[in-house]
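One letter stands for each residue in the lines below.
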Amino acid sequence: SLFKGSSKMIALFVPDIKNPFFPELARAVEDVTNQHNYTFILCNTDDSHEKEVTYLNALTQKSVDGFIIVSSTITEEDLHHITSPVISLDRKFSSKISSVTVNNRKGAREATAYLQSIGCKKIAHISGPQTASNTEERLKGYLDVVEHEAWFNSNYVVTGDYRFENSYEIAKQLLTNHNDIDGVFVANDLMAVGVLKAAESLHIKIPEQLSVIGFDGITIGLTTTPSLTTIQQPIYEIGSRAAQILLQLIDHPEQKVIQEELEVTLIERDSTKRKE
Ligand code: RIB
C-alpha cells in the first residue's frame, strides 16, 4: 500500500445481511480493522454476482486496501484486475485465495451421528444453496453417516437457501410427505427456526416426535421455543482471524496463500431429545 493509493479502508461482502450470522461476523471484522485504524465498509450482496462485481470495481476505484468476501459466486477471473489483497471467509471459492473456514464436513457428520445416537431412525437433511461451498461439505458430512442405511434415499434431502422464509415451506412439505422422519439436520440455524415453525403448524412436537439440529450457533437459537441444538461455529474468531490475516497480506503482499480451518462444537439444547 506504499506504492498505490491507500484509503485505509477495508470492505466486507456478506451474502445476506438479514441472517444474524453475518452481523455477528461483521462485528468481529470491524473490531480488528478499527483497532488498526482502518475504516470498515459493509456490503450486502444478496448472493448476486452482479452486485459483487459492481462493489469490487467501485471500491477498487476508491483504493480500498483489502477485501474480505463471503461469496458463492465470485470467481478467480473476477479478481484478476483487483490489486488489493482478498481473503474469502466462511465459503471457499479458490485454492489460490487465502481463506478462513470451519470444518463443515466434520461438524455435519457430528450433527447427524448425534441424531442417530439419541435414537432417531429416519434423519432428513435440509441443505444450503447449491452454489455455496459449505453446502456441499455439510451434505457430505450428513451422507457419511446415513448413506448406507437401509432406509436412506434422496427424498430425505431437500435443498434450501439458508434463508428463513423458504425453509418454513420446504420443511412443511418434507414433514408432510414423510411422516416417518424423526430427526432433521438443518444446514443453518435460520432455516432450523423455520423447521421449528413448520413442525408447530403441523402439530408435530419437538423434541418428543422430532429432533432438530442446526448449524451456526447464532444467538437466536437461544430464544426460540424450544431452544435450538446446534453445531456452534466460532463466529467471532472466524471474523477476527480473517481480518488479522488480511492486514498481514496488506503489509506483506509477497506472502503466500494462508488457509485456516477452525473447529466447531456441538451444543445440546431443547430441540433434541434421547428417545426413551
Ligand atoms: O447462516 C448462514 C450460513 O451461511 C452459515 O451457515 C455460514 O456458514 C454461511 O455460509
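Residues numbered from 1 in each chain as written. Predicted model: local features only at pLDDT ≥ 70, side-chain atom pairs only at ≥ 80, totals over all residues.

### Looking at the site of the ligand
Point 1. Neighbouring the ligand are the residues Asn 19, Phe 21, Asp 90, Arg 91, Ala 132, Asn 134, Tyr 162, Asn 188, Leu 190, Phe 215 and Asp 216.
Point 2. Per-class residue counts for the shell around the ligand are 5 nonpolar, 3 polar and 3 charged. (Near = placed C-beta within 6 Å. Nonpolar A, V, L, I, M, F, W, Y, C, P; charged D, E, K, R; others polar.)

### A few points about the domain arrangement of the protein chain
Point 1. Per the domain assignment, the segments of the protein chain are domain 1 (9–102 + 234–263) and domain 2 (104–232).
Point 2. Inter-centroid distance (C-alpha atoms) of domain 1 to domain 2 is 28 Å.
Point 3. Taken together, the contacts link 13 residues of domain 1 with 15 residues of domain 2.
Point 4. Tallied by class, residues from the side of domain 1 that touches domain 2 come to 5 nonpolar, 3 polar and 5 charged. (Domains from an automatic or database assignment. Contact = placed C-beta atoms within 7 Å.)

### What about the confidence of the model for the protein chain?
Low-pLDDT portions of the prediction should not be read for the details of their coordinates.
Point 1. Scored by pLDDT, the protein chain comes out at a mean of 95, with 99% of its residues at no less than 70.
Point 2. Interface scoring of the predicted complex returns ipTM 0.93; its pTM is 0.95. (pLDDT = per-residue confidence, 0-100.)

### Some thoughts on the environment of Thr 33
Point 1. Tracing the chain through its elements places Thr 33 in helix α1 (residues 21–35).
Point 2. Sequence separation between Thr 33 and Thr 75 is 42 residues; the distance between their C-alpha atoms is 25 Å.
Point 3. In this structure Thr 33 touches Ile 10, Tyr 38, Phe 40 and Ala 243, once residues within four positions along its chain are discounted. (Helix = DSSP H or I, 4+ residues; strand = E, 2+ residues; numbered from the N terminus.)

### Some details on the sheet that holds strand β3 (residues 66–69)
Point 1. Taken in spatial order, the 6 strands make up an open sheet running β2-β1-β3-β4-β5-β11, and their pairing is parallel. A strand with exactly one partner marks an edge of an open sheet, and here the two such strands are β2 (39–44) and β11 (259–262). The average angle at which neighbouring strand axes cross in this sheet is 15°, direction not considered.
Point 2. Where strand β5 (residues 98–102) lies against β11, 4 bridges are found, and the strand directions are parallel. The residue bridging Val 102 from the neighbouring strand is Leu 262, located in β11. (Pairing = 2+ DSSP bridges. Axes fitted to C-alpha atoms, helices over the stretch in contact; angles between N-to-C directions.)

### A closer look at the packing of α1 against helix α8 (residues 235–251)
Point 1. Between α1 and α8, whose axes approach to 8 Å, the crossing angle comes to 40°. One element, α1, and the other, α8, form an angle in the oblique class. Handedness of the α1/α8 crossing: right-handed. Across the interface between the two elements, Phe 21, Glu 24, Leu 25, Ala 26, Ala 28, Val 29, Asp 31, Val 32 and Thr 33 of α1 pack against Ile 235, Tyr 236, Ile 238, Gly 239, Ser 240, Ala 242, Ala 243 and Gln 244 of α8. (Parallel < 35°, antiparallel > 145°, perpendicular 65-115°, else oblique. Left-handed = near helix turned anticlockwise from the far one by under 90°.)

### Considerations on unusual backbone geometry
Point 1. The amide bond that connects Ile 206 to the next residue, Pro 207, takes the cis arrangement and shows omega of 10°.
Point 2. The residue after Thr 225, namely Pro 226, is reached through a cis peptide bond having omega -5°.
Point 3. Within the element layout of this structure, Pro 226 appears in the loop between β9 (211–216) and β10 (229–232).
Point 4. One non-glycine residue, Asp 46, lies in positive phi territory at about 55°.
Point 5. In this structure, Asp 46 sits in the loop between β2 and α2 (49–61).

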